[in-house]
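Structural features, examined
Single-letter residue listing:
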Amino acid sequence: QDDGGRGWERTKGEGFSITFDTAQDVDAIAERIKSKGWTLAKEPADMPWGVRMLRVVDPDGYRLGIWRPLSA
């Protein structure tokens with residue numbers, strides 16, 4: 001719960017990240033995100049642990065990852 005102890009004007013989402021697993025084409029998702037004017041924090045890339053992944057930071061500062069298993 002946010003009690004404002006660090007101030008109400010601080011950057012939200014600091015130290016927080018969430019990752020979404022999808023069956024969709026990660027490259028197509030990246031293009032849709034960019035077409036809406038957002039900037040990717042990390043372009044889609046194959047990761048050593050077997051997924052294709054992108055990262056984006058939402059307007060509130062939350063870091064979001066979206067990945068798809070390479071074997072899917």
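Everything below is about the structure shown above.
To keep things clear, this report deals only with the structure shown in the data block. (Residues numbered from 1 in each chain as written. Predicted model: local features only at pLDDT ≥ 70, side-chain atom pairs only at ≥ 80, totals over all residues. Heavy atoms only, no water.)

On to the pattern of salt bridges, then. All chains considered together, the criterion is met by four salt bridges. The closest approach of N and O atoms between K34 and E31, which form a salt bridge, is 3.4 Å. Of this pair, K34 and E31 both sit in helix α1 (residues 26-35), three residues apart, roughly one helical turn. Residue K34 is classed as partly exposed on the basis of its relative accessible area of 31%. Between D46 and R52 there is a salt bridge; the shortest N-O distance is 2.8 Å. Residue R52 is classed as partly exposed on the basis of its relative accessible area, which comes to 23%. Within the structure, one salt-bridge network assembled from shared partners comprises D27, D46 and R52. (Salt bridge = Lys/Arg side-chain N within 4 Å of Asp/Glu carboxyl O. Helix = DSSP H or I, 4+ residues; strand = E, 2+ residues; numbered from the N terminus. Buried < 20%, exposed > 50% of the residue type's maximum accessible area, 1.4 Å probe, protein only.)

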